[in-house]
Structures are given as C-alpha cells and as structure tokens.
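# Examining the three-dimensional arrangement
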Amino acid sequence: MRIGVLASVGHMVDSFFSDIIASWTQAGHIVRVAAGTGTSDGSGHVIEGLTRRPGPGAVRAWSGLSSWAHEEKLDVVLTNTATASALARTARLTIPVVYFCHGLHWNEGRGASDRIWQLAERALLLKTSGVITINSDDHAWFSGRIPEDRILRLPTGVGLRPESYPRVAPPSAEGGSERTVMRLAWIGEFSTRKRPHLALDVADCLRKEGVDFTLQMVGEGSLLDSVNAAISRRGFEKHVAAEGTGNTAQVLADSHALIHTSAWEGLPRVMMEALAVGRRTYAFDVKGVRDIPQAVLFPEREPRALAGQLAADWRAGRLLQPIAFDPATLDVFRSAEAIRVFLEETVSASAKVHRMPSPVETEPARSQTAYETT
C-alpha cells in the first residue's frame, strides 16, 4: 500500500507522525509526505499554496495535491489538519481520503461561527472515505452522520513512546525536611485557547489556601510576555516561573501534579505524558480533556474549586505517590497498527465500489441466432 500523509505544515508531520511512518515503512508500505512547508528531514513534498489557514492559494494547492497523488501512485491519503483536509477532500482525487481529526473546529457548537464550521464539515463528509477520531465528543458528532465502519476511534490519539517518559516517584521532602513544597507544572502553548492566565488564578487561590507551592510554566506563544508581566504584577516571582522551553518529561518528573487550563482539546498529549510519568492532572471539564484517564475535572473557569481540591489532596498526601497506570497502553505503535489496518480496509472498500459491474456487464447474455453463428 502506498500511503500519502498530508498536513498543512511540515511541523505537524514531525510532531505527530514520525514514529507512525517508521512503523508503516517497516511493515513494507511506501509512505510519502506532503505539506505546505518542509519537514525537518527535508523528505516532505511542499505543496504550493497550502497554508495553516484558508487563503487564495487554494487553486494552486488543489493542482499540487492532484499532481503529488498521481506522481506518487498513492492508494490513499491520510490528512490531519483542518485546511489540508478540506483541500484534500475537495481536490477531486481519485483515491480515498481519510481525515485524521485532531479536533473538530468548534467546542460546544452553539455559536454562529461554530455552526458555520459544522455546515462546512457536513459538506466535506460527502468527499470523506474515512474518519479517525481521538475524543468522545468528536466521535459522537461523526457517528450520527457517517456509517460506524468508516470511523476509527483512537482513545490514545497518536500515542507516545513510554520509554521517553520514565515513570518516577514524585519529589520527596528535600534534605530530610518534614515540609515539602508542592511542585506544579503547566505545559503548553501560551495562547488564548490554552488560557495560561487561568493557571495564575489557580496559583492565587492556592496562596489564599496557605499552601506552599511552586508552579513551572513551560511553552511558547504570543501570551508568554503577558503571563510574565502578570506574574510580576501579582507578586508571584517566588512561586511561579514561565519560560519558553523545557524538557517536558523532566518538568513532569520534577512535579507533583499537572495543571491544564485549555478551553478545549483534540486530545491533550501533555496529559498523556503526565500519565506515563505517573502524575495526575487537574483540569476543567471540556472537550478532549474529559477523555484522559484519571484526570481530576472541575466546572469551566472554576480555579477556586481546582485549587481547593489540589490543596486537599496535597494535605492528604495523595500527590506524594505516582498514580497507578500502565504506560504501555499509550504506545505509539499500537496507534500506528490500528491506523494501518483502517487504511487497508478503506482502500479495499473503495476498490470494491469501483469494481462494481456496469449495467452492460450485468445484462443477461442473448441467445445466439442463426445469422449470428454463420
């Protein structure tokens, strides 16, 4: 099977599909990658006009997609970002297109813009051979609109390599001291959707609870400077640090718990990384987040409730032991195998449809007459 992997930008392929592609290649499949920008190893094909957001380059992108699929003799295209998937499903490709949905483009689906996105996705389903979902909310939306055998549910998304996130005990009292400082982590993009300022609200509530804590915030994004300004303004310099880079596995290993504040997610990878290390996550009950095992969830925008439970669990000693969870269930190669089988089934189903006999082929044979046999 010749598989095409398509994303809006090469970074998405690098971040989510490197191990999966390696697994498929080892299984004997040929995999070709394309995106609007190059991949880190330079092997990806660049589609001119393909960007993260819809733009005037769509016509060029359609042509580029068709040429790429034809030249590489692809059997199926797997696409995983909103813009790339929309272009692939409207490019009139003659092969199946499978949409790996990392998160539908709306949260609760009640606003005017959400309804527009839903109408667009309904139309695109007419050109969709299969869908891969990673959270229960998105799966429920697709389930009512396309047959179940055309949907693959991946509870752990693309997964991860458990060996990259060693399971270790939480930090203990330093120097034999009876008093241990609660160490918290926040890891993600400093963006409007990730809502890092809510983590500072949690910190404020913990301070009012009288809990001795530190909060390490790691990530990049447009709100990083404003978060650092808020840390200074609110007098958190001794408790909270926000920085652009950090080793996720090490930050989690050095913490007692993870705080997650997103408005919604496809499936938060950092929460799975926390599970692998053995740390519990305290978060708000929103799409994607609610699908992570053992997450401690709270009503939307209720930092006081989150901080109160954190303080109670800390005082009870519940954060001083790693949570019970088998990291092997998160293995990326389990996801790779499930996707591979689904793609093979999709290609096979498509081939059967195209092999359906024509009316001429199904017309009963006529009896031969004398003049036809002479």
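Here the residue numbering is sequential within each chain, running from 1 through the sequence in written order. The model is predicted, so local features are restricted to residues of pLDDT at least 70 and side-chain atom pairs to those at 80 or more, both for listing and for counting; the totals for chains, interfaces and linings are taken over all residues. Values reported for side chains reflect all heavy atoms of the structure, with hydrogen atoms and water molecules removed beforehand.

## Quick word on the overall build of the protein chain
Per the convention used, a helix needs a DSSP run of H or I reaching at least four residues, while a strand needs a run of E reaching at least two, with both numbered from the N terminus. On a plain count of helices and strands, the protein chain comes out with 14 helices and 13 strands. With respect to the principal axes defined by its C-alpha atoms, the protein chain has extents near 110 × 40 × 40 Å. Buried residues are those whose accessible area, probed at 1.4 Å on protein chains only, stays under 20% of the maximum for their type, while exposed residues exceed 50% and partly exposed ones sit between those limits. Looking at the protein chain residue by residue over its 374 residues, the buried ones come to 49%. Looking at the protein chain alone, contacts between residues at least 24 apart form 68% of all its contacts between residues at least 6 apart. Surface summary for the protein chain: the accessible area is close to 18200 Å², and the carbon and sulfur share equals 52%. None of His or the chain ends enter the tally, which takes Lys and Arg as positive and Asp and Glu as negative. Here the site of a charge means atom NZ of a Lys, CZ of an Arg, CG of an Asp or CD of a Glu. Distance from the positive charge centre (41 side chains) to the negative charge centre (42 side chains) of the protein chain: 4 Å. Whether two residues are in contact is decided by their heavy atoms, any of which lying within 4.5 Å being enough. All accessible-area figures derive from a Shrake-Rupley calculation using a 1.4 Å probe, and residue coverage is judged against the displayed protein chains alone.

## Concerning the sheet that holds strand 6 (residues 130-133)
By way of backbone hydrogen bonds, the strands of a sheet pair with one another, either parallel or antiparallel. With respect to topology, seven strands assemble into an open sheet ordered 3-2-1-4-5-6-7, the strand pairing being parallel. Looking at the sheet topology across the chains shown, the edges are occupied by strand 3 (45-46) and strand 7 (151-153). The pairing criterion is simple: DSSP has to find at least two bridges between the two strands. Relative to strand 2 (residues 30-35), strand 1 (residues 2-7) runs parallel, the two being bridged by six bridges. What sits directly across from A7, in strand 2, is A35. Note on geometry: axes are lines fitted to C-alpha atoms, helical ones only across the stretch in contact, with angles between N-to-C directions running from 0 to 180 degrees. Strand contacts of helix 3 (residues 58-71): strand 1, strand 2, strand 3 and strand 4 (76-79), with the helix running at about 155° to strand 1, the strand carrying the most contacts.

## Things to note about the packing of aromatic side chains
The relation between two aromatic rings is expressed through the spacing of the ring centres and the mutual angle of the planes. We call Phe, Tyr and Trp rings a pair once their centres come within 6.5 Å, taking the six-membered ring for Trp, and we label the pair stacked below 30 degrees between planes, edge-to-face above 60, and tilted otherwise. Throughout the structure, instances matching the rule amount to four aromatic pairs. Relative to F100, the ring of F17 lies with its centre 5.8 Å away and its plane at 90°, an arrangement referred to as edge-to-face. One end of the pair, F17, is in the loop between helix 1 (10-16) and helix 2 (18-26); the other, F100, is in strand 5 (residues 97-100), and 83 residues separate them in sequence. Accessibility assignment for this pair places F17 and F100 in one class, buried.

## A short note on the pattern of salt bridges
In what follows, salt bridge is the name for a side-chain nitrogen of Lys or Arg lying within 4 Å of a carboxyl oxygen of Asp or Glu. With the rule as written, the count across this model stands at 19 salt bridges. With a shortest N-O distance of 3.0 Å, R234 and D201 are connected by a salt bridge. Here the residue R234 occupies a position in the loop between helix 8 (224-233) and strand 10 (240-243), and D201 occupies one in helix 7 (residues 196-209), the gap between them amounting to 33 residues. Put simply, R318 and D313 hold a salt bridge, and the shortest N to O gap is 2.7 Å. On the accessibility criterion, D313 (6% relative accessible area) is buried. Within this structure, R2, R32 and E72 form a network of salt bridges that share partners.

## Focus on the nonpolar core
W24, L206, M217, L310 and I339 are the most contacted members of the largest nonpolar core, which has 85 residues in total. Residues in contact with M217, not counting those within four places in the same chain, are W186, F190, P196, A199, L200, V227, V240, A241, A242 and E243. Within the second largest apolar cluster, 18 residues are counted, among which are L6, A61, L65 and L87. Here, nonpolar core means buried Ala, Val, Leu, Ile, Met, Phe, Trp, Tyr and Cys residues that are tied together by side-chain atoms lying within 4.5 Å of each other.

## Describing unusual backbone geometry
Even without glycine at this site, R195 takes up a positive phi of about 55°. Secondary-structure assignment places R195 in the loop between strand 8 (182-187) and helix 7. Classification of R195 by relative accessible area gives buried; the value is 9%.

## Concerning the side chain of N135
Turning to its location among the elements, N135 is positioned in the loop between strand 6 and helix 6 (136-143). In this view, N135 contacts R153, E265, G266, K287, G288 and D291; residues no more than four positions away in its chain are not counted.

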